[in-house]
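Listed below are the residues making up each chain.
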Amino acid sequence: MDPRIFASEISVDHQEQTLTIKWGDGHASVYGLDGIRRACPCVECAGGHDQMGQEADPAIFKQPPAQTRQITSMQEMGNYAMQIFWGDGHDSGIYRWEYLRDLCPIENGITDSGS
Ligand SMILES: [Zn+2]
């Protein structure tokens, strides 16, 4: 399996409102929770079947968070994706690792690495 899309460690910091994924190649992606929620790939959030498979623009992470988000749990799906359970009960988003890696705000030049 491609180490770029192998999540070795996942953590959520509700204080900082960030989701951090450490990848098999050593890179760590840090996402704003509101951005990740707005990038939800489920039919409801992505705007219907016509939009299925359409990926969110990483520029979504440039926007100031619209609201505080909470992740209650995360469930890995096989080895290709994870399902995120949000505090407001929304849980139909299946985030493929490849999708998440493509969205990495650091690699897309949206945010710096925080150092
Ligand atoms: Zn959704």
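What comes next concerns the included structure. Note that the structure is predicted; figures quoted are calculated from it, not measured.

Attention now goes to the overall build of the protein. Summing up its helical and strand segments, the protein has three helices and six strands in all. Traced from its N-terminal end to its C-terminal end, the protein shows the element sequence β-β-β-α-α-β-β-β-α. Rg of the C-alpha trace for the protein: 13 Å, near the compact-globule value of 13 Å for 115 residues, within the 12% margin. Its C-alpha atoms put the protein at 35 × 35 × 25 Å along the principal axes. In the protein, which comprises 115 residues, the share counted as buried stands at 20%. Residue pairs in contact within the protein that sit at least 24 positions apart in sequence constitute 45% of those at least 6 positions apart.

Bridge analysis of strand β1 (residues 7-13) against strand β2 (residues 18-23) gives six bridges, and the strand direction is antiparallel. Residue pairing for β2: D13 is matched across the bridge by T18. Taking the residues that link successive antiparallel strands as the turn, the β1-β2 hairpin has four residues, and the phi of Q17 there is positive, at about 60°.

Membership of the largest hydrophobic core comes to 15 residues, with the highest contact counts inside it found for L19, I21, Y31, I36, L100 and L103. Among residues more than four places away in sequence, those in contact with L103 are Y31, A39, A56 and P58.

Here we take up the pairing of strand β3 (residues 28-32). With five bridges connecting them, β2 and β3 associate as antiparallel partners. Within β3, the residue paired with K22 across the bridge is A28. Hairpin geometry of β2 and β3 is characterised by an intervening segment of four residues between the two adjacent antiparallel strands and by a positive phi of about 95° at G26.

Let's shift gears to the environment of T18. For T18, the location among the structural elements is in strand β2. Exposure remark for T18: the 17 C-beta atoms within 10 Å place this residue in the partly exposed category. If we skip the residues at most four places from it in the chain, T18 touches D13, V30, Y31, G32 and L33.

Spatial strand order, β1-β2-β3: three strands in an open sheet with antiparallel pairing. Each having just a single partner strand, β1 and β3 make up the two edges of the open sheet. Between one strand axis and the next, the sheet turns through 15° on average, direction left out of account.

A few words now on the environment of A46. Summarising the element assignment, A46 is placed in helix α2 (residues 43-46). On the basis of neighbour counts, which here come to 18 C-beta atoms within 10 Å, the residue A46 falls in the partly exposed class. In this structure, the C-alpha to C-alpha distance between A46 and A56, residues 10 residues apart in sequence, is 8.4 Å.

Reading guide: rules and limits
Residues numbered from 1 in each chain as written. Predicted model: local features only at pLDDT ≥ 70, side-chain atom pairs only at ≥ 80, totals over all residues. Helix = DSSP H or I, 4+ residues; strand = E, 2+ residues; numbered from the N terminus. Rg over C-alpha atoms; globule rule 2.2 N^0.38 Å. Buried ≥ 20, exposed ≤ 12 C-beta atoms within 10 Å, placed from the backbone. Contact = placed C-beta atoms within 7 Å. Pairing = 2+ DSSP bridges. Core = buried A, V, L, I, M, F, W, Y, C linked by C-beta atoms within 7 Å. Axes fitted to C-alpha atoms, helices over the stretch in contact; angles between N-to-C directions.

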